[in-house]
Amino acid sequence: MNIFRLTGDLSHLAAIVILLLKIWKTRSCAGISGKSQLLFALVFTTRYLDLFTSFISLYNTSMKLIYIACSYATVYLIYMKFKATYDGNHDTFRVEFLVVPVGGLSFLVNHDFSPLEILWTFSIYLESVAILPQLFMISKTGEAETITTHYLFFLGLYRALYLVNWIWRFYFEGFFDLIAVVAGVVQTILYCDFFYLYITKGASAKESWLYSKE
């Protein structure tokens, strides 16, 4: 495992933990798209079915179990424990417009026409667009809490680091997975506009703080 893969995994984990802590500490899921979290839970469920068929390493197995557990914990907090704070009026993205095309594409374009491989491919395609309901929700409300933006930043960072990881593996290991790379590029592009807003917003906030100290 190279450093880019490791830091990518840690960034991904940081994003998930930030979101869970935000919900738990504030006792609210305001501003968070439950639909995006449902899609991520579906992503991890379909991707990590190989937990029942193969063992790669303790690290690999542990991270898979953590991702699955955290994704369902997040869904539980949003739709059960803190349901009263969930803003369903703004979380209106039609997820069937993502799931159905992605499902069809995974049957048509995959590495091997077998159940586990199709489900793995489905998870790769779906992850690339699973954040759309969250971005759509932010665009509708016109605002996002600081914690939510941190969550999105670390998710985007995770994807960007994985792109570097694939470049590294191609040059040093001769490994190249076109499906994962294309899906990763699509996902990273979706975050580009958010990255710009995140950085400029942070710079503006810092500038305002400095002026207040003068």
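Residues numbered from 1 in each chain as written. Predicted model: local features only at pLDDT ≥ 70, side-chain atom pairs only at ≥ 80, totals over all residues. Heavy atoms only, no water.

Draft legend 1. Representation of the packing of helix H2 (residues 34-47) against helix H6 (residues 132-141) within the structure. In the contact formed by H2 and H6, the axes pass within 7 Å of each other and the chain directions differ by 170°. By the angle between their directions, the pair H2 and H6 is classed as roughly antiparallel. Facing Lys 35, Ser 36 and Leu 39 of H2, the residues of H6 in contact are Leu 132, Pro 133 and Gln 134. The residue makeup of the contact of H2 with H6, split by class, is three nonpolar, two polar and one charged. (Axes fitted to C-alpha atoms, helices over the stretch in contact; angles between N-to-C directions. Helix = DSSP H or I, 4+ residues; strand = E, 2+ residues; numbered from the N terminus. Parallel < 35°, antiparallel > 145°, perpendicular 65-115°, else oblique. Contact = heavy atoms within 4.5 Å. Nonpolar A, V, L, I, M, F, W, Y, C, P; charged D, E, K, R; others polar.)

Draft legend 2. Layout of the side chain of Arg 47. Tracing the sequence through the fold places Arg 47 in helix H2. A polar contact of 3.0 Å, which involves the side chain of Arg 47, links it to the side chain of Ser 123. A polar atom in the side chain of Arg 47 sits 2.7 Å from the side chain of Glu 127. Once you skip the residues sitting within four places of it in the chain, Arg 47 turns out to touch Trp 120, Ser 123, Ile 124, Glu 127 and Tyr 158. (Polar contact = N/O pair within 3.5 Å; in protein donor to acceptor, adjacent residues only side chain to side chain.)

Draft legend 3. View of the UniProt feature "transmembrane region" (unreviewed entry) in the protein. The sites that UniProt annotates as "transmembrane region" (unreviewed entry) are residues 65-82, 119-139, 151-172 and 178-199. End C-alpha atoms of residues 119-139 are separated by 31 Å, and the span's content is 90% helix alongside 0% strand. Structurally, residues 151-172 is divided into 100% helix and 0% strand, and its ends, taken at the C-alpha atoms, are 31 Å apart. (UniProt positions renumbered as here; feature names shortened; annotations may be inferred.)

Draft legend 4. Local environment of the packing of aromatic side chains. Summed over the entire model, instances satisfying the criterion amount to 14 aromatic pairs. Their ring planes at 80° and their centres at 5.6 Å tell us that Phe 153 and Phe 154 sit as a pair that is edge-to-face. A residue is classified by how much of its surface remains accessible, and Phe 154, at 26% relative accessible area, is partly exposed. Taking 5.2 Å as the distance between ring centres and 65° as the angle between the ring planes, the aromatic pair formed by Tyr 158 and Tyr 162 counts as edge-to-face. One end of the pair, Tyr 158, and the other, Tyr 162, are both in helix H7 (residues 146-173), four residues apart, so they sit about a helical turn from each other. The two residues Tyr 158 and Tyr 162 agree in class, both being buried. (Phe/Tyr/Trp six-rings, centres within 6.5 Å; stacked < 30°, edge-to-face > 60°. Buried < 20%, exposed > 50% of the residue type's maximum accessible area, 1.4 Å probe, protein only.)

Draft legend 5. Up close: the nonpolar core. Core analysis: the biggest nonpolar cluster contains 45 residues, and Ile 23 and Leu 155 have the highest contact counts within it. When residues of this core are traced back to their parent elements, those giving at least two are helix H1 (3-26), H2, helix H3 (58-81), helix H4 (96-108), helix H5 (115-129), H6, H7 and helix H8 (178-213). With seven residues, H7 is the largest single contributor of residues to this core. Discounting residues that sit within four places of it in the chain, Ile 23 has contacts with Ser 28, Cys 29, Ile 32, Thr 74, Leu 77, Ile 78 and Phe 82. (Core = buried A, V, L, I, M, F, W, Y, C linked by side-chain atoms within 4.5 Å.)

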